[in-house]
Amino acid sequence: DNECRGKFYDAYEDSNPIHKPTTTLQRVIDIWNKLLIHRKLIYSEGYLTVIPKQGDKYDFMYLSDGEKAIFYYIAHALYENKI
């Protein structure tokens, strides 16, 4: 998020205490993890990974089409409404 990046940079330049901003992506992941308790999403080093309650973790791209749609709808709602 450019807005988060800008606030972070401004705080650094002004020598204010720097708090890690919450990005839209992190908010989407947080909502996803509250709604779909059988699949946990984590974001690390540029990759989204899915950790199911049972079985091995796997890449985000292997989600079902329905699960990908849920992710998209959450992201779209947050982005459009700047929540």
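Presented here is a report on the structure given in the accompanying data block. As the structure is a computational prediction, the values presented were derived from the model and not from experiment.

### Overview of the pattern of salt bridges
- For the structure on display, the rule yields one salt bridge.
- Between Glu 67 and Arg 39 there is a salt bridge whose closest N-O contact spans 3.4 Å. Of this pair, Glu 67 sits in helix 3 (residues 65–81) while Arg 39 sits in strand 1 (residues 39–44), and the two are 28 residues apart along the sequence.
- Residue classification places Glu 67 among the buried positions, given a relative accessible area of 11%.
- Relative accessible area serves as the criterion here: at 22%, Arg 39 is assigned to the partly exposed category.

### As for the packing of aromatic side chains
- The final tally for this structure, using the stated rule, is two aromatic pairs.
- Judged by centre distance (4.9 Å) and plane angle (65°), the rings of Phe 60 and Phe 71 are edge-to-face. Of this pair, Phe 60 sits in the loop between strand 3 (58–59) and helix 3 while Phe 71 is found in helix 3, placing the two residues eleven residues apart along the sequence. The same class applies to Phe 60 and to Phe 71, which are both buried.

Thresholds applied
Along each chain, the written sequence defines residue order, and numbers are assigned to residues from 1. Given that this is a predicted model, residues contribute local features only at a pLDDT of at least 70 and side-chain atom pairs are listed and counted only at 80 or more, while totals for whole chains, interfaces and linings are drawn from all residues. Working from all heavy atoms in the structure, the side-chain values ignore hydrogens and water. Between Lys or Arg on one side and Asp or Glu on the other, a salt bridge is scored when a side-chain nitrogen of the former is within 4 Å of a carboxyl oxygen of the latter. Counting from the N terminus, the helices are the DSSP runs of H or I reaching at least four residues and the strands are the DSSP runs of E reaching at least two. For each residue, the accessible area found with a 1.4 Å probe, counting protein chains only, is set against the maximum for its type, and the residue is called buried under 20%, exposed over 50%, and partly exposed in between. Each Phe, Tyr or Trp ring (for Trp, its six-membered ring) is paired with any other whose centre lies within 6.5 Å, and the angle between the two planes then decides the class: stacked below 30 degrees, edge-to-face above 60, tilted in between.

Purely geometric numbers; function is a separate question.
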